[in-house]
Amino acid sequence: NGWLVEIEAVRVRTEVSLSEVRKTAGEFNTGQLERAVNTPARNHLIVQKYIDHSSHKQAIVFCVDVQHCIDLCKAFTDRGIMAAFVVGDKKLCPDRQGIVKEYKAGRIDVLLTVMVLIKGFDHDMIETVIMARPTMSTVVYMQGIGRGTRPQRGVVDGLYSAQERIEAIQKSRKPKLLIIDIVDNTVKHSLVNTW
């Protein structure tokens, strides 16, 4: 109805197998998952897919844990991409609000996080969501995607028909959201279908 942007998705398969990762309370065990997915090869693949599909657009990346967030952030900055991370540990991230402010001002292209910005975070210029954290939870997956579905601020204000809103979004600076979904052989269970 033109209240959210359209979603496109790119599924990226890796050679990482999650078959040995235990499930705890219906979700992957975080420690085992981090050891399985936080590899230089996988992190470089994620960065390359961002460059290939969404270079210079603002992205938010959902990671497994703090170490994954740090390592993946370094992989982005090593390629010359303005990236920063926001985590719950105040020693590692003493100025979360400052980092978020820089991101919203457009001075950071890629913001990486671990469960801190998964729900309720609002920034209308997120054009790419990178799901670098395999999850068995449809709710967690949808919450992550939801961070990027808002249209650019002011674009649909005052428009009463769905067609008007859809056309306005299509002509805006942010006509769609791109999901880069890192699947890690989780195709045996379907996360969410996207356009």
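Residues numbered from 1 in each chain as written. Predicted model: local features only at pLDDT ≥ 70, side-chain atom pairs only at ≥ 80, totals over all residues. Heavy atoms only, no water.

Thoughts on the confidence of the model for the protein
Residue-level pLDDT values for the protein average 87, and 92% of them are 70 or greater. Below pLDDT 50 for its whole length, residues 188-193 participates in 11 contacts with residues either more than four positions away or in separate chains. (pLDDT = per-residue confidence, 0-100. Contact = heavy atoms within 4.5 Å.)

Notes on the pattern of salt bridges
For the coordinates displayed, the defined rule picks out 6 salt bridges. One salt bridge in this structure joins glutamate 8 and lysine 176, with 3.0 Å as the shortest N-O distance. With glutamate 8 in strand β1 (residues 6-12) and lysine 176 in strand β8 (residues 176-182), this residue pair connects regions lying 168 residues apart in the sequence. For the salt bridge of glutamate 102 with arginine 107, the shortest nitrogen-to-oxygen distance reads 2.9 Å. The partly exposed category is assigned to glutamate 102, whose relative accessible area is 31%. Overall, arginine 107 belongs to the partly exposed group, its relative accessible area being 48%. (Salt bridge = Lys/Arg side-chain N within 4 Å of Asp/Glu carboxyl O. Helix = DSSP H or I, 4+ residues; strand = E, 2+ residues; numbered from the N terminus. Buried < 20%, exposed > 50% of the residue type's maximum accessible area, 1.4 Å probe, protein only.)

Quick notes on the pairing of strand β4 (residues 59-62)
Side-chain alternation along β4 places Ala59 and Val61 on one buried face and Ile60 and Phe62 on a second face that is also buried. Bridge count for β4 against strand β6 (residues 110-113) is 4 bridges, and the pairing is parallel. Across the sheet, residue phenylalanine 62 finds its bridge partner in β6, namely threonine 113. In this sheet, strand β7 (residues 128-131) lies alongside β4 in parallel orientation, the contact comprising 4 bridges. The partner of phenylalanine 62 across the bridge, within β7, is methionine 131. (Pairing = 2+ DSSP bridges.)

Describing unusual backbone geometry
One non-glycine residue, histidine 56, lies in positive phi territory at about 70°. Within the secondary structure, histidine 56 is located in the loop between α2 (40-54) and β4.

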